[in-house]
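Breakdown of the fold
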Amino acid sequence: MTSSSKEAIADRLAEARRRTHELIEPLDDAQLNRVYSPILSPLAWDLGHIANFEELWLVQTIGKREPLHGELGRLYDAIENPRKMRGELPILRDAELRSYLADVRERTLEVLDAVEIDAGAEDPLLREGFVYEMLIAHELQHQETMLQLLQMADRYEPLRSVGTEPVPPGPEMVGVDGGTYEIGAPPTGFAYDNERPRHAVELAPFEIDRTPVTNAAYIAYMEATGVEPPLYWEGDAEAGWVSVAMGRRDPVDSAQPAIHLSWEEADAFARWAGKRLPTEQEWEVARPSLEAVGQVWEWTSSDFRAHPGFEAFPYREYSEVFFGVEYKVLRGGSWATAADVMRPSFRNWDLPQRRQIFAGIRLARDAGR
Ligand code: AVJ
Ligand code: FE
C-alpha cells in the first residue's frame, strides 16, 4: 500500500474519532457513566468498547503488541456482557477512559505505519485495508448507538436530527418486474460478512412505496385504531402530539417520516394499510431507483439469516451468532447513520419489539393487487 492511501486511512480514522468527540463534547463524566436504560449501554461503555475493539484488532492482532490494560478487554466483549449489566462493570471511566482512547489510537497509527496493506496482501485482514475499514465502520456505528441513548438525555442538542427528504412528484408506488436478481456485496471492497456472498434471488413482481410512512399517516392510523404512539411521543392539550426526546417538547412534524417504531408496530401498520413490509431482497433490488432513503431505518419482513454460502469473517460474533428467527432485518439508514456505513447491501438487525433505534416503515405489496 502506498503511503498516500495509508494517509487516507489515517485521515478517516481521525474523522471518525472527531465525530465521536463531537458527540460527547457537551457531556460531563456523570452523563457518560449514567445508566439510562437496561437495553442501552452507558456511553462510557461504548467509548471504552470503541477503543478496545481498535486495540484488539489493530494493536494486538495486526501489531502483535500486548494490551495496555491486561484482561480489561473482557469487560468490553459485547456477547459476554449484556447491555443491562454494563453500568455495573469496573470499566474505565473519566480521565482514564479518555487517555485509553488516545493511547490506543497512538499505537494504531504506529502499527499502520509499519504494516504492508494492498489488494494482494496475504492476510485477508489486511487485504484492501479490510480491518481498517471495519474499525472505522465500527466506531461510526457505535456513534449511532450512543445517539439512541442520548434521546433520553435532558437538553442534549444533537448536531443533526430527523428531517424530510425532498421527493420529486410522482406516483405513490413504483413497480419492479419479477425475475432473477443479484443481491449482496460484490467480492471485493469493504462489506461485512453477512452481506456476502453476492447471489441470485427469484422475485415475483412487486410494488414499493417511494417514501417512508409519514407522521401524518401514522397519526391517522392511531386515530382510526387507538394504537399507542411511537416512542418519545406525548399528547399535548395545545400542541397535539409532541416529541419529548432529549427533554424537549417539539410539535411532531406531520411531513417527516414516522420514527421510533418497532417491527411489530410496522408490520401491524402495513396490514392495516392493506400492504405489507418488503422482504430485504425486494428492498435491495428496488433500492437503486428509490428516493427518500437515509432518514429512518426501514424494517423488512425478513429474519436475519445467512446468505447462501455465508462464511464468518473476521469473527463469528459480528453476525453469525445473531442469525435465526429472533432478529428482523432493517435496510437503508437513518439521520444518525454515517454515509460511510450506508450501502445497498448493508444489513442492520434488531429484535421485533425494539423501538429505541431510528426505525420507520416503507410499504410494499405484490404487483397486480
Ligand atoms: C449492526 C447495529 C446490530 O450494535 O449489535 C457494533 C453493530 N456490532 N459492534 C450492534 C455492532 C458490533 C450491531 N448492529
Ligand atoms: Fe461493537
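Computed from a prediction, not measured in an experiment: that's the story for all the values here.

Moving on to the site of ligand 1. Inspection of the region around ligand 1 gives Arg83, His138, Gln141, His142, Tyr318, Asn348 and Trp349 as its neighbouring residues. Considered on its own, ligand 1 offers 350 Å² of accessible surface; in the complex 79% of this is hidden by protein. Every element with two or more residues in the shell around ligand 1 is listed here: helix H5 (130-150) and strand E10 (348-350). No other element matches H5, which puts three residues into the shell around ligand 1. Classifying every residue of the shell around ligand 1 gives two nonpolar, four polar and one charged.

The subject of this paragraph is the packing of aromatic side chains. Tallied over the full model, the rule gives 24 aromatic pairs. Aromatic side chains Tyr192 and Tyr318 sit 4.1 Å apart centroid to centroid with 5° between the ring planes, which places their arrangement in the stacked category. Taken together, the residues span a long stretch of sequence, with Tyr192 in the loop between strand E2 (179-183) and strand E3 (199-203) and Tyr318 in the loop between strand E8 (297-303) and strand E9 (328-332) at a distance of 126 residues. Tyr318 shares its class with Tyr192; the two are buried. Measuring from centroid to centroid gives 6.0 Å for Trp233 and Trp241, while their planes differ by 40°, and the two rings are tilted. Trp233 sits in the buried class, given a relative accessible area of 11%. On the accessibility criterion, Trp241 (28% relative accessible area) is partly exposed. Directly above the aromatic system of Trp45 lies the positively charged group of Arg86, at a separation of 3.7 Å from the ring centroid. In this structure, Lys328 packs its charged tip against the face of Trp263, placed 4.5 Å from the ring centre.

Reading guide: rules and limits
- Residues numbered from 1 in each chain as written.
- Chains lettered and ligands numbered in written order.
- Predicted model: local features only at pLDDT ≥ 70, side-chain atom pairs only at ≥ 80, totals over all residues.
- Heavy atoms only, no water.
- Near = heavy atom within 4 Å.
- Areas by Shrake-Rupley, 256 points an atom, 1.4 Å probe, with all protein chains shown as cover.
- Helix = DSSP H or I, 4+ residues; strand = E, 2+ residues; numbered from the N terminus.
- Nonpolar A, V, L, I, M, F, W, Y, C, P; charged D, E, K, R; others polar.
- Phe/Tyr/Trp six-rings, centres within 6.5 Å; stacked < 30°, edge-to-face > 60°.
- Buried < 20%, exposed > 50% of the residue type's maximum accessible area, 1.4 Å probe, protein only.
- Lys NZ or Arg CZ within 6 Å of the ring centre and 35° of its normal.

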